[in-house]
Amino acid sequence: MSRFGWFRVPALAVLMLIPGNRVSLTQTQQDPYQVGIFCIPLPSGQRTVNVSNGDELQRALDQAAGGDVIMLAESATFLPVAREGSFMLRNRAVPPGEWVTIRSASRAFDAGGALPLSTRVDKANANVMPKIRATMANLGALRAEPGARGYRLIGLDVGVDDSVKQVVNLIELGAARDTTVETEPSDIVIDRCYLHGNDAGDFRRGVALNGVRLAVVDSYLENFHDANSDSQAIAGWNGAGPFKIVNNFLEAASENIMFGGGDPAVDGLVPSDIEIRRNLSTKRPEWKTGGVAAKNAFELKNARRVLVDGNTFERVWTSGQNGTAIVLKSANQDGRCTWCVTEYVTFSNNIVRDAASGMAINAAETGVKGTPLPARANHIRITNVLFQNIGAAEWGTGGKLLRITNGVSDVAITHVTSTSNPNGILDPQNTSDLNPNLTFKYNIVERRLYGIGTGGNEGITTITKNFAPFDYNQNVLVNTSRTTEQSIADVALKSRYPLVTSVASDWDAVGFEKGSYRLAPASPYYRAGDDGRDLGADVDALAAAQAGPPSSSCGPATAPVGRRPNHP
């Protein structure tokens, strides 16, 4: 019998949940960073229903029973016929452990086919995918009824008819109006699908995730943009979770992935247990010259227990905002969510590149003037991350690597390598801004115009005034200031920082292997950390996380250890 399984990360103990059962996370939680991860085994079919047009497809959905496999002719186009204006995933009595599978009839998606389980599809694979099209303004191609559960979509090309110029959610898994978790859709998987907007028009969002145990895996989402609103490839704000977003191509003009951004209709809800692995988050280069406003690659405004591991985030320029790639904050967006909070986030083994600035962590904000602030963001771990080409002129002004502001507590930044951040390493909001319990260790970062803080406050002054109590140890500042008007000698730069700081006179002095960000054995920073590891990012561990395990594996997941094998 197929089951959803939850796994705790990094614990090896396994908690298996049959779909529809409820287990309180507070009853099983030990480490507050541990993320409830679920596996999504491919269900076995009991009855095959072949369909070739929209009438047949909706009739099959209306009559579906657990174990049905609805086969869509791969050459056909399916247009909605339901009174709701979309293909509707109905709230039917699907027994726990059984599924309704909606899939391409192409054998390419079978176990022995060209696109088997755990293979990321590309838009070039659309030739073996049946086409499902949205045909009405602001109504998506597929929607889930309240309480709908037990659906898996495989090998579908889901898009918008050329006559439609505006769609909010291409696939809507939860309309965000549910006021209880029990009425939200659950146990729905989008697997090896091609989801896309069109060049002309406003296509706000690829998938709305507002439910329980929802997943988007091995899929290709592109061309989501809206001139009148923020746009996302994937977003959720009223779903309890857990959520799995693994091994996808994600292209959107605003936030490629976002949780929060609207006040939940479920009182007290914080989207939780969010697994985001091995995705490529990018923006279309022609949007930059075409004037399409761009925002962040990844943003959290209300989220708890989030694992962001082995992803690449790229192409964020100064436009709709200041070009910061990663934004983490607590936000009372519409003035009704004082409980909203972002906390217990692990951001590990990621590449962040080609952006005006790197990462901003803001404790709390409100979207409605005069309303209360939410709970402050807290407990953020940033480890084994490579930042590349931050602050280059082509992406706009900025060049800040990290900003931590307005009272964020318990941020840990370890084993980061940043090859370019010309306007600063780490800034608070101002000289009176206290963000306590900072850990900053084992990092290799460029120091060009500014470092940790600016001017006379650079270094130990800012660390002590704005981030105390702190744990600062074994960081390397790469001094590239010599060609600037703020040139500073290595000795003078070192004197501004705690004694455990090293200063490299240039990047050659760091000692990377040729063509790599791996430290050579001759580097003074090779295995120099008091944790037994290289300083800076472990690129072997990063590459392993980016390759990762199969996205639908049911084996227990483990947290990234970040160690690399010994060199011969």
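To be clear, the structure that these remarks concern was listed above.
Here is a short report on the structure shown in this document.

Each value, and the rule that gives it
Residue numbers here run from 1 along each chain, matching the order of that chain's written sequence. pLDDT decides what is reported in this predicted model: residues at 70 or higher carry local features, side-chain atom pairs at 80 or more are listed and counted, and totals for whole chains, interfaces and linings draw on all residues regardless. To get the side-chain values, take all heavy atoms of the structure and skip hydrogens and water. The criterion for an aromatic pair is that two Phe, Tyr or Trp rings (for Trp, the six-membered ring) have centres within 6.5 Å, with stacked assigned to planes under 30 degrees apart, edge-to-face to planes over 60 apart and tilted to the rest. Helix and strand labels come from DSSP, where a helix needs a run of H or I of at least four residues and a strand needs a run of E of at least two; each type is numbered from the N terminus. Classification of residues uses two cut-offs on accessible area relative to the type maximum, computed with a 1.4 Å probe and protein chains only: under 20% is buried, over 50% is exposed, and between them is partly exposed. Counted as salt bridges are all cases of a side-chain nitrogen of Lys or Arg within 4 Å of a carboxyl oxygen of Asp or Glu. Two strands pair if DSSP finds at least two bridges between them. Polar contacts here mean pairs of N or O atoms no more than 3.5 Å apart (in protein, one a potential hydrogen donor and the other a potential acceptor; neighbouring residues in sequence count only if both atoms are side-chain atoms). The criterion used for residue contact is that any of the two residues' heavy atoms lie within 4.5 Å.

On inspection of all chains with the given rule, the structure shows 10 aromatic pairs. Between Tyr33 and Tyr344 the ring centres are 5.2 Å apart and the planes differ by 85°, which places this aromatic pair in the edge-to-face class. Taken together, the residues Tyr33 in the loop between helix 1 (25–28) and strand 3 (35–39) and Tyr344 in strand 29 (residues 342–348) connect sequence positions 311 residues apart. Assigned by exposure class, Tyr33 and Tyr344 land together as buried. Consider the rings of Trp507 and Phe512, whose centres lie 5.9 Å apart with planes at 20°: the pair is stacked. One aromatic cluster in this structure is built from Tyr194, Tyr220 and Phe249.

For the structure on display, the rule yields 35 salt bridges. Residue Asp191 is joined to Arg192 by a salt bridge in which the shortest nitrogen-to-oxygen separation is 2.9 Å. According to the relative accessible area criterion, Asp191 is buried, its value standing at 0%. Residue Arg447 is joined to Glu458 by a salt bridge in which the shortest nitrogen-to-oxygen separation is 2.8 Å. One end of the pair, Arg447, is in strand 37 (residues 444–447); the other, Glu458, is in the loop between strand 37 and helix 4 (460–466), with 11 residues separating them in the sequence. The exposure class assigned to Glu458 is buried, which follows from its relative accessible area of 4%. Salt bridges sharing partners connect three or more residues here, namely Asp62, Arg83, Glu84, Arg90 and Glu145.

One open sheet holds the 11 strands; their spatial order is 7-10-13-16-19-22-25-28-31-33-35, and the pairing between them is parallel. For this open sheet the edge positions go to strand 7 (87–89) and strand 35 (426–427), each flanked by a neighbour on one side alone. For strand 13 (residues 166–173) and strand 16 (residues 202–209), the ladder comprises 6 bridges, and the chain directions are parallel. The partner of Gln166 across the bridge, within strand 16, is Asp202.

Right, let's get into the side chain of Asn210. Tracing the chain through its elements places Asn210 in the loop between strand 16 and strand 17 (212–217). There is a polar contact of 3.4 Å between the side chain of Asn210 and the backbone oxygen of Gly174. Ignoring any residue separated from it by four or fewer positions in sequence, one finds Asn210 in contact with Leu173, Gly174, Ala176, Glu184, Pro185, Gly236, Trp237, Asn238 and Gly239.

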